[in-house]
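What follows is each chain in one-letter form.
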Amino acid sequence: MSLPSQFSSQGSLDDARLLAVRLGITYDVIPIRTAFDSVKHELEGVFGRAPEDTTEENIQARLRG
């Protein structure tokens with residue numbers, strides 16, 4: 001299963017698909033961008049207008065977990 005977001009590189013997506021093919025397993029893609037945007041919106045009061053940094057990438061990891 002792939003849970004891509006705006007931080008996912010094309011190389012990572014291609015590698016995941018190729019691995020699934022080679023293993024003969026089902027490969028589903030479920031984008032998490034909508035969930036990411038929702039969490040980011042909820043945190044606007046905390047983040048304010050701070051520039052994006054690794055914090056947003058960590059939100060991505062939490063959503064996947």
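Structure: see above.
All of these numbers come straight from a predicted model, not from anything done at the bench.

Trainee: Explanation requested: the packing of aromatic side chains in the structure shown.
Mentor: Given two aromatic rings, their pairing is described by the distance between the two centres and the angle made by the two planes. Enumeration over the complete set of coordinates arrives at one aromatic pair. Between F7 and F36, the ring centres sit 5.7 Å apart and the planes meet at 80°, which makes this aromatic pair edge-to-face. Taken together, the residues span a long stretch of sequence, with F7 in the segment before α1 (10-23) and F36 in helix α2 (residues 33-42) at a distance of 29 residues. For F36, a relative accessible area of 1% corresponds to the buried category.

Trainee: Just to check I follow, could you spell out the side chain of E56 for this structure?
Mentor: Position of E56 among the secondary structure elements: in helix α4 (residues 54-64). Not counting residues up to four positions away in its chain, the partners in contact with E56 are F7, F36 and F47.

Parameters at a glance
Residues numbered from 1 in each chain as written. Predicted model: local features only at pLDDT ≥ 70, side-chain atom pairs only at ≥ 80, totals over all residues. Heavy atoms only, no water. Phe/Tyr/Trp six-rings, centres within 6.5 Å; stacked < 30°, edge-to-face > 60°. Helix = DSSP H or I, 4+ residues; strand = E, 2+ residues; numbered from the N terminus. Buried < 20%, exposed > 50% of the residue type's maximum accessible area, 1.4 Å probe, protein only. Contact = heavy atoms within 4.5 Å.

Read these as layout, nothing more, since geometry by itself doesn't imply function.
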